[in-house]
2 protein chains.
Amino acid sequence: MPPAAGADRPEVLIDPDSETLTEFLRDRVHRGLLVTVLGECTVAYEGRAASQVQHGERLVLLKPDGAFLVHGPRGYRPINWQPSTDTVMVSNEGGVVVLTATRRNPDERVEVRIRRGRLATAAALEDSSQFLLTGSESDLQAALAERPELIEPGLRLEDRELPTRVGGIDLLCRDAGGRLVVVELKRNRASQAAVTQLKRYVDLVSEQAGGEVRGILAAPEITEPARTLLERMGFKYVEVDPMDLLPAEGEQPALFS
Amino acid sequence: MPPAAGADRPEVLIDPDSETLTEFLRDRVHRGLLVTVLGECTVAYEGRAASQVQHGERLVLLKPDGAFLVHGPRGYRPINWQPSTDTVMVSNEGGVVVLTATRRNPDERVEVRIRRGRLATAAALEDSSQFLLTGSESDLQAALAERPELIEPGLRLEDRELPTRVGGIDLLCRDAGGRLVVVELKRNRASQAAVTQLKRYVDLVSEQAGGEVRGILAAPEITEPARTLLERMGFKYVEVDPMDLLPAEGEQPALFS
DNA sequence: TTTTAGATATCGCGA
DNA sequence: TCGCGATGTCTAAAA
């Protein structure tokens, strides 16, 4: 195998003709490189649904692991994509460069037909750094598992992330009176869906353990319809703020100084 | 005649020094251009949550509308992002190029510190094409609204996308016996959440209209726990396939020939 | 593989 | 603006 192209210096083509672009892509796709193509193209997708966009200028990203993204000029989401691909094919059909990214499970295909390539690049992309995130629900769960009394005085932890056949219970506790309490956590405003999720767990625990089982929904906020539903089911809402709770616990340094 | 915006030649910097990169970005960010930077950088985010990644090679995308994406070598998702930003600032701190993208509502900030820029590009990106998707839930809904008898013989449509205070009812029908039927559609395998969603609607309609109200969950598949829950609530599952149903209706040409 | 639930989800619609 | 639900959601985790 020839030496990996683009291992040190990025390679760039500006306004290439279709033959040059085809060769460039053929030699660099599937080599562990990040390949980008900016140009005028059409995009078609067929799989779980089907979509089509006519000619326009887009940026195509081909990642080393096979991820395939077609970005337009606006927004967070790509207009078409493939989270991971099994094969990416490059061909030239009468001056049109065709990129076809396919995967199985689900069986899907994205086809980009590039009528005019304006810019193509290829470069190695090394990133072994670990991604650290704080403020997720699991952080909130850990903090409250340590100090369940913050949810309600006298509350004691029985179990955490308890898997059941209807889903995982965030926190299973016992209150001051010895009753079982199912606690469902949300890091965002809680909706009706959160309430029905809690209901499923309470029903299950009640069925398994017998006796009265309480339900508590802990979140920074709750929607009005969710509060109504919650009260009708006899459950309780407790306000908790993830960002308030965590710095006191984690004592991590400020990200921006 | 001045060249059209998108006809301009893309601009490219390879292995620029930090001053050159800083100037390049300062002059091109906020000009309606798509700007990309590939290089070694750290990324920090603070907002609804907080995250940090140490040095690694990433690709930064700055879209004309302010969307901001930092992509690593793997996967569909960016490692950091901002769906739309109010301001993007460029500065140079002792040889490190710093990009700071902020937005309000929610108040958030992403900061990229580029220690070594390897490739930077800027180009106009024109795309006025309309995106056409078939096979979404709303397509399925339209098809079944036309022919409710495909869900159950004798079923007649009363209303569609009916907004209520607990959410929108996909299809409200009357069966052969004149009873009200709430139909909830899913284009994917239906889960317990879909069942509780249906339950909310049935409860509401029953409360408002009085009398017995039936519930039907129409989807291509249903999970086993969802089926159990559905049956316990006295509802019915009907199998419908979006991709089967739509081609007969739409008669669109094959995307790939 | 199936199922569930989280996500800095994002996005769009309706009240 | 809030609330709700779809998304070609994607992704990780657990059974």
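Residues numbered from 1 in each chain as written. Chains lettered and ligands numbered in written order. Predicted model: local features only at pLDDT ≥ 70, side-chain atom pairs only at ≥ 80, totals over all residues. Heavy atoms only, no water.

## So, the layout of surface pockets
The calculated volume of the largest pocket comes to roughly 680 Å³. What lines the largest pocket is a set of 28 residues, among which A:Thr196, A:Lys199, A:Met233, B:Lys199 and B:Met233 lie closest to the centre. Elements represented by at least two residues in the lining of the largest pocket include exactly α3 (192-209) and α4 (224-232) of chain A together with α3 (192-209) and α4 (224-232) of chain B. In this structure, the second largest pocket encloses a volume near 400 Å³. As for the second largest pocket, its lining consists of 23 residues, and the residues nearest its centre are A:Pro78, A:Ile79, A:Asn80, A:Trp81 and B:Phe131. If you list the elements that add at least two residues to the lining of the second largest pocket, you get β3 (50-62), β5 (80-82) and β8 (108-124) of chain A together with β9 (131-134) of chain B. Looking at which element gives the most residues to the lining of the second largest pocket, the answer is β5(A), with 3 residues. (1 Å grid on protein atoms, 1.4 Å probe; cavity = no way out; pocket = protein on both sides within 12 Å on 5 of 7 lines; lining within 4 Å. Points joined across faces, edges and corners; volume = space filled by probe spheres on them. Helix = DSSP H or I, 4+ residues; strand = E, 2+ residues; numbered from the N terminus.)

## Here's the deal with the protein's contact with DNA strand C
Taken together, 33 residues form the shell around DNA strand C, and within it A:Lys186, A:Arg187, A:Arg200, A:Tyr201 and B:Arg48 come nearest. Side-chain polar atom of B:Glu108 to a base oxygen of DNA strand C: 3.4 Å apart, as the coordinates give it. Of all elements in the fold, only β9 (131-134) and α3 of chain A together with β5 (80-82) and α4 of chain B reach the threshold of two or more residues within the surface near DNA strand C. Per-element accounting of the surface near DNA strand C gives the leading share, 3 residues, to α3(A). Per-class residue counts for the surface near DNA strand C are 11 nonpolar, 10 polar and 12 charged. (Near = heavy atom within 4 Å. Polar contact = N/O pair within 3.5 Å; in protein donor to acceptor, adjacent residues only side chain to side chain. Nonpolar A, V, L, I, M, F, W, Y, C, P; charged D, E, K, R; others polar.)

## Focus: empty space enclosed by the protein
Here the structure, examined in full by the defined rule, presents 2 cavities of 30 Å³ or more. If you add up the space inside the largest cavity, you get close to 80 Å³. Listing elements by their share of the lining of the largest cavity, those giving two or more residues are β2 (33-46) and β8 of chain A together with β2 (33-46) and β8 (108-124) of chain B. Ranked by residue count, the leading element in the lining of the largest cavity is β2(B), at 3 residues. Tallied by class, the residues present in the lining of the largest cavity amount to 7 nonpolar, 4 polar and no charged. Each pocket or cavity is described by its volume, and for the second largest cavity that value is around 50 Å³. In terms of lining, the second largest cavity is formed by A:His71, A:Tyr76, A:Pro78, B:Leu69, B:His71, B:Tyr76, B:Arg77 and B:Pro78.

## Let's talk about the relation of the copies chain B and chain A
Of the two same-sequence chains, chain B is brought onto chain A (RMSD 0.1 Å, axial shift 0.1 Å) by a rotation of 180 degrees. With respect to symmetry, the two chain copies, as superposed, fit the operation of a two-fold axis. A symmetric contact is evident, with 100% of the interface residues of chain B recurring at the interface of chain A. (Least-squares fit on C-alpha atoms with pLDDT ≥ 70 in both. Contact = heavy atoms within 4.5 Å.)

## Describing the interface of chain B and chain A
Counting residues at the interface gives 75 residues for chain B, matched by 77 residues for chain A. At the boundary of chain B with chain A, total buried surface from both sides reaches about 6,500 Å², with 57% on carbon and sulfur atoms. Applying the counting rule to chain B against chain A returns 4 salt bridges. One salt bridge in this structure joins A:Arg58 and B:Asp127, with 2.8 Å as the shortest N-O distance. In terms of residues, the side of chain B that touches chain A owes the most to one element, strand β3 (residues 50-62) of chain B, which gives 11 residues. Counted by class, the side of chain B that touches chain A contains 35 nonpolar, 19 polar and 21 charged residues. Both β9(A) and β3(B) contribute to a ladder of 4 bridges, which runs antiparallel. What sits directly across from A:Leu133, in β3(B), is B:Ser51. (Buried area = accessible area lost by both parts, 1.4 Å probe. Salt bridge = Lys/Arg side-chain N within 4 Å of Asp/Glu carboxyl O. Pairing = 2+ DSSP bridges.)

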